[in-house]
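Working through the structure, step by step
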Amino acid sequence: LAKTTQPISMDSYEGQEVNITCSHNNIATNDYITWYQQFPSQGPRFIIQGYKTKVTNEVASLFIPADRKSSTLSLPRVSLSDTAVYYCLVGAHTGGFKTIFGAGTRLFVKA
Amino acid sequence: NAGVTQTPKFRVLKTGQSMTLLCAQDMNHEYMYWYRQDPGMGLRLIHYSVGEGTTAKGEVPDGYNVSRLKKQNFLLGLESAAPSQTSVYFCASSSRRERNEQFFGPGTRLTVL
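The present account deals with the structure reproduced in this document. (Residues numbered from 1 in each chain as written. Chains lettered and ligands numbered in written order. Predicted model: local features only at pLDDT ≥ 70, side-chain atom pairs only at ≥ 80, totals over all residues. Heavy atoms only, no water.)

A tally of regular secondary structure across chain A gives zero helices and nine strands. Compactness check: chain A gives a C-alpha radius of gyration of 13 Å against a globular reference of 13 Å for 111 residues, within 12% of the reference. Reported as C-alpha extents along the three principal axes, the dimensions of chain A are approximately 40 × 30 × 25 Å. Expressed as a percentage of its 111 residues, the buried residues of chain A come to 46%. Sequence-distant contacts, at least 24 apart, represent 56% of the contacts inside chain A between residues at least 6 apart. When the 10 basic and 7 acidic side-chain charges of chain A are each reduced to a single mean position, those positions are 8 Å apart. (Helix = DSSP H or I, 4+ residues; strand = E, 2+ residues; numbered from the N terminus. Rg over C-alpha atoms; globule rule 2.2 N^0.38 Å. Buried < 20%, exposed > 50% of the residue type's maximum accessible area, 1.4 Å probe, protein only. Contact = heavy atoms within 4.5 Å. Lys, Arg positive; Asp, Glu negative; His and termini not counted. Charge placed at Lys NZ, Arg CZ, Asp CG, Glu CD.)

Here's what the structure looks like:
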């Protein structure tokens, strides 16, 4: 299983763009990169998933370089409600598996 | 469409007592999972199931048993609760085709005294 490394915490201000980088040096060929968001006292919520290059949805963008050894979750113009823990996961898209959630990155958005 | 529901939301047990946590999903998902989350930490996979009648061990399976008799339900059992099992338990489900997009329930907060 590919291990991931993320910063423990980050601070930002409302209206700023936030980039959270995840390292996954031993990512396998068939692994996808998935990001989740978790608010206090709630279960995680899927944000975005990608395999290579760039993926964008209504919530975030995911940038993956050609070597796929890292990925960056980009949150445009954050608000106070984006304060949460963000998890980066790496794993195969289908088939049997064991999901590994690391400690995540605690993002705190200030007014 | 309720998504993933968990019963109960809170529970307090004494050491040695047993209990079952129920997870139900109405999305016809093939895969279901049980995680535990301790304060300030990420989620750890206890057991998972890739289909009705099948279960497999995750990262921290000791002290827990599971059953998936129906596709929509995934039960987590604690036969003899220990204080180390005090945690928040989350159930999740996903489809076979999009297994990395897991849908989580609201969690069960369990305290073992």
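Next comes the rest of the account.
Glancing now at unusual backbone geometry. The linkage connecting B:T7 with the following residue, B:P8, adopts the cis geometry, with an omega of -5°. Considering the arrangement of structural elements, one finds B:P8 in the loop between β1 (4-7) and β2 (10-13). We note that A:S41 has phi near 65°; this positive angle belongs to a residue other than glycine. Looking at A:S41, the relative accessible area reads 63%, which means it is exposed. A positive phi angle, near 45°, is found at A:R77, a position not held by glycine.

Moving on, we come to the interface of chain A and chain B. Quite often, the size of an interface is put as the accessible area lost when its parts meet. At the junction of the two partners, chain A supplies 25 residues and chain B supplies 25 residues. Summing the contributions of chain A and of chain B, the shared interface buries around 1900 Å²; its carbon and sulfur component is 48%. Summed over the shared surface of chain A and chain B, the result is zero salt bridges. Our enumeration of links across chain A and chain B arrives at three residue pairs in polar contact (both at pLDDT 80 or more). Listed by contribution, the elements that provide at least two residues to the side of chain A that touches chain B are β3 (31-38), β4 (45-50) and β8 (84-92) of chain A. The biggest single contributor to the side of chain A that touches chain B is β3(A), with four residues. Class assignment for the residues of the side of chain A that touches chain B results in ten nonpolar, 13 polar and two charged. (Buried area = accessible area lost by both parts, 1.4 Å probe. Salt bridge = Lys/Arg side-chain N within 4 Å of Asp/Glu carboxyl O. Polar contact = N/O pair within 3.5 Å; in protein donor to acceptor, adjacent residues only side chain to side chain. Nonpolar A, V, L, I, M, F, W, Y, C, P; charged D, E, K, R; others polar.)

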